[in-house]
Amino acid sequence: MVFAKKKWGQNFLVDNNLLEKIINNVKIDSNENVLEIGPGQGALSEKLVGICNELHMVEIDRDLITILKEHDKLSQAEIINQDILKVDLPTLDIKNPVVVGNIPYNITSPIVFWLIKHLTSWNRAYLMVQKELAQRLTATIGTKDYSRLTVMTNLYFDIRICFLISPNVFLPKPKVQSAFIEIMKKENSYHKDINLKLFDQIVRMAFNQRRKMLRNSLSSLEIDVKNCAIDFTKRPEQLSIEDFIEISNNIIS
Ligand code: SAM
């Protein structure tokens, strides 16, 4: 047993029923490879290794690496001592992995953007995240949770909450509720046809002043409003991804 380190968001899973529930939800085929982010002491890893082709784990904490290396069920798995945010996924040479992770909640958004950055190098992802963040990732248009994070991630992903998780299944217990989410890549390729930098800038500007009408929050941009099929008296949470794309396609440069 190791002491949990707060700085690395270490809350270890200690409930076998929950671990089985995760395994049933990820539906990993025996010929699929898995990349586990933050394996900790290997509670989930020892179940994953039995159902997949190759298991690769990226863990930042050297003390946990020692434990993982001594774990009798993980001798076939690859253990990588790195910060996942610094990993350049294509260089790991893992064929189309399913990404799975009970990840530190303070770096959930960076990990989601890391998944966007490496979009072509993985298949689908399952993450345990703070419930409130899961609600933002899956928010529907017009709700208070609909945010920049919702728009930016939904450009690439279809995300769903598989189930909620009580703090009682972790040691130490976190103060918040968690959710297990599935991230599938969108079949359409909107992101390939737009100016991403501009799109990001517009979404950011709009949500930075989310109570303001677009005509005010985006007033510093030169937009071809006559050609743009958007009602600029709306507020950002009333706009779909397609609406934001329509605006970015009508910026006069
Ligand atoms: N998967 C284990 C479990 O369920 O019991 C541990 C989960 S714990 C919430 C998060 C794990 O991620 C810890 O083992 C922590 O050391 C590791 N971690 C934290 N930051 C990381 C990073 N940037 N890259 C890789 N692993 C990280």
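Before reading further, recall that the structure is shown in the block above.
Keep in mind the model is a prediction, meaning the values are calculated, not measured.

Kindly report on the site of the ligand, identifying the contributing residues and their values.
Near the ligand you find 21 residues, and of these Gln10, Gly38, Glu59, Asp83 and Asn102 are the closest. In the environment of the ligand, a nitrogen atom lies 2.8 Å from a nitrogen or oxygen atom belonging to the side chain of Asp83. Within the backbone of Ile84, a nitrogen or oxygen atom sits 2.9 Å from a nitrogen atom of the ligand. Relative to its unbound accessible area of 590 Å², the ligand is 98% covered by the protein chains. Judged by the fraction of its atoms near the pocket grid, the ligand is located in the largest pocket. The set of elements that each furnish at least two residues to the shell around the ligand consists of strand E1 (12-13) and strand E3 (55-59). By residue class, the composition of the shell around the ligand is 10 nonpolar, seven polar and four charged.

Please give an account of the environment of Phe3 that cites residues and values.
Looking at the secondary structure, you find Phe3 in the segment before E1. Measuring from C-alpha to C-alpha, the distance between Phe3 and Tyr105 comes to 18 Å, with 102 residues separating the pair along the chain.

Summarise the packing of aromatic side chains; cite the residues concerned and give the values.
Inspection of every chain in the model, using the stated rule, returns seven aromatic pairs. With a centroid separation of 6.0 Å and 10° between ring planes, the pair formed by Tyr126 and Phe180 is classed as stacked. With Tyr126 in strand E6 (residues 124-130) and Phe180 in strand E9 (residues 178-185), this pair connects stretches of sequence that are 54 residues apart. For Tyr126, a relative accessible area of 2% gives the class buried. Its end group placed over the ring of Trp8, Lys7 keeps NZ or CZ at 4.3 Å from the ring centre. The ring centre of Trp122 lies 5.0 Å from the NZ or CZ of Lys185, which sits over that ring.

Conventions adopted
Residues numbered from 1 in each chain as written. Predicted model: local features only at pLDDT ≥ 70, side-chain atom pairs only at ≥ 80, totals over all residues. Heavy atoms only, no water. Near = heavy atom within 4 Å. Polar contact = N/O pair within 3.5 Å; in protein donor to acceptor, adjacent residues only side chain to side chain. Areas by Shrake-Rupley, 256 points an atom, 1.4 Å probe, with all protein chains shown as cover. 1 Å grid on protein atoms, 1.4 Å probe; cavity = no way out; pocket = protein on both sides within 12 Å on 5 of 7 lines; lining within 4 Å. Sits in = over half its atoms within 2 Å of the grid points. Helix = DSSP H or I, 4+ residues; strand = E, 2+ residues; numbered from the N terminus. Nonpolar A, V, L, I, M, F, W, Y, C, P; charged D, E, K, R; others polar. Phe/Tyr/Trp six-rings, centres within 6.5 Å; stacked < 30°, edge-to-face > 60°. Buried < 20%, exposed > 50% of the residue type's maximum accessible area, 1.4 Å probe, protein only. Lys NZ or Arg CZ within 6 Å of the ring centre and 35° of its normal.

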